[in-house]
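What follows is each chain in one-letter form.
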Amino acid sequence: MTDSNEDCIFCRIVEGEIPSRTVYETDGALAFLDANPLAPGHTLVIPTAHHQHLQDLDGHSAHVLYETLHDLVPVVEDAVDADGSNVAFNNGSAAGQEVPHVHGHIVPRFENDGGSPIHAIAGERPELSDAELDDIADAIAERTE
Ligand code: AMP
Ligand code: ZN
């Protein structure tokens with residue numbers, strides 16, 4: 001793992017090698033408008049160091065990334081007079097991640113904009129028994145110990 005990956009389009013934005021509509025920069029995070037916006041104000045927030053997955057970030061980078069999202073959400077909503085926003089990460093190619101550099105999407109939402117809630121992202125809902133739910137909860141909980 002290196003801080004910058006020359007094949008990564010977002011690293012090239014961090015390095016200033018390709019243009020972006022940068023809206024905010026901190027020590028460790030950068031935010032710029034999505035080039036193909038889902039809504040006016042659609043903004044991407046990235047750690048400046050190259051990592052593909054959220055779980056690849058160390059605690060400090062994760063903190064800076066979340067703090068930047070936290071700071072920007074109300075600012076972006078206000079700038080485009082949005083009624084709300086979806087804030088989400090496509091984490092891994094199976095989840096639809098196309099650019100392999102961690103990025104949080106801030107997608108402003110408007111009453112009656114015709115969009116969907118985040119529940120619309122997954123495929124068919126699984127039918128899980130109580131026992132299966134218990135097993136899954138245990139599997140997650142025991143890994144956090
Ligand atoms: P994802 O599917 O989560 O990897 O989304 C990648 C996002 O990056 C898409 O919404 C693209 O529109 C956006 N994108 C790709 N290249 C650029 C770029 N050069 N500047 C700004 N946004 C970009
Ligand atoms: Zn990168």
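Located above this text is the structure these notes cover.
All figures in this text were calculated on a predicted structure; none of them were measured in a lab.

### Comments concerning a nonpolar patch on the surface
Moving on, step 1. Together, Leu-128, Leu-133, Ile-136 and Ile-140 make up a nonpolar patch on the protein surface, roughly 340 Å² of accessible area in all.
Moving on, step 2. Among the structural elements, Leu-128 can be located in the loop between strand E5 (104-109) and helix H3 (130-143).

### Here we look at helix H2 (residues 59-79)
Moving on, step 1. Under the 1.5 Å per step criterion, the end-to-end length of H2 is 30 Å for 21 residues, consistent within 8% with the ideal 30 Å.
Moving on, step 2. Of all the bends in H2, the greatest, near 30°, is centred on Leu-72, and the proline Pro-74 appears no more than four residues after it.
Moving on, step 3. Considered for burial, the residues of H2 that qualify are Ser-61, Val-64, Leu-65, Thr-68, Leu-69, Leu-72, Val-73, Val-76 and Glu-77.
Moving on, step 4. Where H2 is buried, its residues contact strand E1 (22-26), strand E2 (29-33), strand E3 (43-47), strand E4 (84-89) and E5.
Moving on, step 5. Positioned one or two residues after H2, Asp-81 has a phi angle of 55°, which is positive.

### Side note on the site of ligand 1
Moving on, step 1. Around ligand 1, 16 residues are found, and the nearest of them are Asp-34, Asn-90, Glu-98, His-103 and His-105.
Moving on, step 2. One of the backbone nitrogen or oxygen atoms of Ala-35 is found 3.0 Å away from a nitrogen atom of ligand 1.
Moving on, step 3. His-105 is positioned such that a nitrogen or oxygen atom in its side chain is 2.9 Å from an oxygen atom of ligand 1.
Moving on, step 4. For ligand 1, the protein covers 82% of the area, taking 510 Å² as the surface of the free molecule.
Moving on, step 5. Within the residue set of the shell around ligand 1, elements represented by two or more residues are helix H1 (9-14) and E2.
Moving on, step 6. By residue number, the principal contributor to the shell around ligand 1 is H1, which donates three residues.
Moving on, step 7. Residues that form the shell around ligand 1 fall into these classes: eight nonpolar, six polar and two charged.

### A look at the environment of Thr-26
Moving on, step 1. Structurally, Thr-26 is set in strand E1.
Moving on, step 2. Sequence spacing of Thr-26 and Leu-65 is 39 residues, and the spatial spacing of their C-alpha atoms is 9.4 Å.
Moving on, step 3. When residues no more than four places from it in sequence are discounted, the contact partners of Thr-26 are Val-64 and Thr-68.

### What about the sheet that holds E1?
What links the strands of a sheet is backbone hydrogen bonding, and the strands pair in either a parallel or an antiparallel sense.
Moving on, step 1. Judged by pairing direction, the sheet is antiparallel, and its five strands sit side by side in the order E1-E2-E3-E5-E4 without closing on themselves. Whereas interior strands pair on both sides, the edge strands pair on one side only; in this sheet they are E1 and E4. In this sheet, neighbouring strand axes are inclined to one another by 15° on average, regardless of whether the strands run parallel or antiparallel.
Moving on, step 2. Of the pairings in the sheet, the one linking E2 to E3 comprises five bridges and is antiparallel in character. Within E3, the residue paired with Leu-30 across the bridge is Ile-46.

### Looking at the coordination of the zinc ion (ligand 2)
Moving on, step 1. Here the zinc ion (ligand 2) is held by Cys-8 (SG), Cys-11 (SG), His-50 (ND1) and His-101 (ND1), and the distances to it run 2.0 to 2.3 Å.
Moving on, step 2. Around the zinc ion (ligand 2) sit four donor atoms; with metal-centred angles ranging over 106 to 117°, the donor geometry is tetrahedral.
Moving on, step 3. All donors of the zinc ion (ligand 2) come from a single chain, and their spacing in sequence reads C-x2-C-x38-H-x50-H. Here His-50 is found in the loop between E3 and H2, whereas its partner His-101 is found in the loop between E4 and E5, with 51 residues between them in sequence.
Moving on, step 4. Classification of His-50 by relative accessible area gives buried; the value is 11%.

Cut-offs used in this document
- Per-chain numbering applies: the sequence of each chain, read as written, is numbered from 1 onward.
- Going through the entries in the order they are written, you letter the chains from A and number the ligands from 1.
- Thresholds applied to this predicted model are a pLDDT of at least 70 for local features of residues and 80 or more for the giving and counting of side-chain atom pairs; totals over whole chains, interfaces and linings are not thresholded and use all residues.
- With hydrogens and water stripped out, all remaining heavy atoms of the structure feed into the side-chain values.
- Like charges within 9 Å and nonpolar side chains (Val, Leu, Ile, Met, Phe, Trp, Tyr) within 5 Å are joined into patches, using only residues over 30% in relative accessible area that form no salt bridge.
- Residue burial considers only the protein chains on display, and all accessible areas are found by Shrake-Rupley using a 1.4 Å probe.
- Any carboxyl oxygen of Asp or Glu within 4 Å of a side-chain nitrogen of Lys or Arg constitutes a salt bridge here.
- Helix and strand definitions follow DSSP, with helices as H or I runs of at least four residues and strands as E runs of at least two, each counted in order from the N terminus.
- Take the number of residues in a helix, subtract one, and multiply by 1.5 Å to get its expected span.
- Here the bend at a residue means the angle between the axes of two seven-residue stretches, the one that ends at it and the one that starts at it.
- Throughout this description, buried means an accessible area under 20% of the type-specific maximum (1.4 Å probe, protein chains only), exposed means over 50%, and partly exposed covers the range between.
- Any two residues having at least one pair of non-hydrogen atoms within 4.5 Å are treated as being in contact.
- A cutoff of 4 Å decides nearness: a residue is near a molecule or strand if any of its heavy atoms lies inside that distance of it.
- As used in this structure description, the phrase polar contact means that two N or O atoms lie within 3.5 Å; if the pair is within protein, one of them must be able to donate a hydrogen and the other to accept it, and residues adjacent in sequence are counted only when both atoms belong to side chains.
- Ten residue types, Ala, Val, Leu, Ile, Met, Phe, Trp, Tyr, Cys and Pro, are classed as nonpolar, four, Asp, Glu, Lys and Arg, as charged, and the remainder, Gly among them, as polar.
- Should DSSP find at least two bridges between two strands, the strands are regarded as paired.
- Lines are fitted to the C-alpha atoms to define the axes, a helix being fitted only along its stretch in contact, and any angle between axes, read from their N-to-C directions, falls within 0 to 180 degrees.
- Atoms are scored as donors when they are N, O or S and lie within 2.8 Å of the metal, with 3.2 Å used for Na, K and Ca; no water is included, so coordination may look incomplete.
- Note on geometry labels: four donors, all angles 85 to 135 degrees, give tetrahedral; four donors become square planar and six octahedral when opposite donors are over 155 degrees apart and every other angle is between 65 and 115; remaining cases are irregular.

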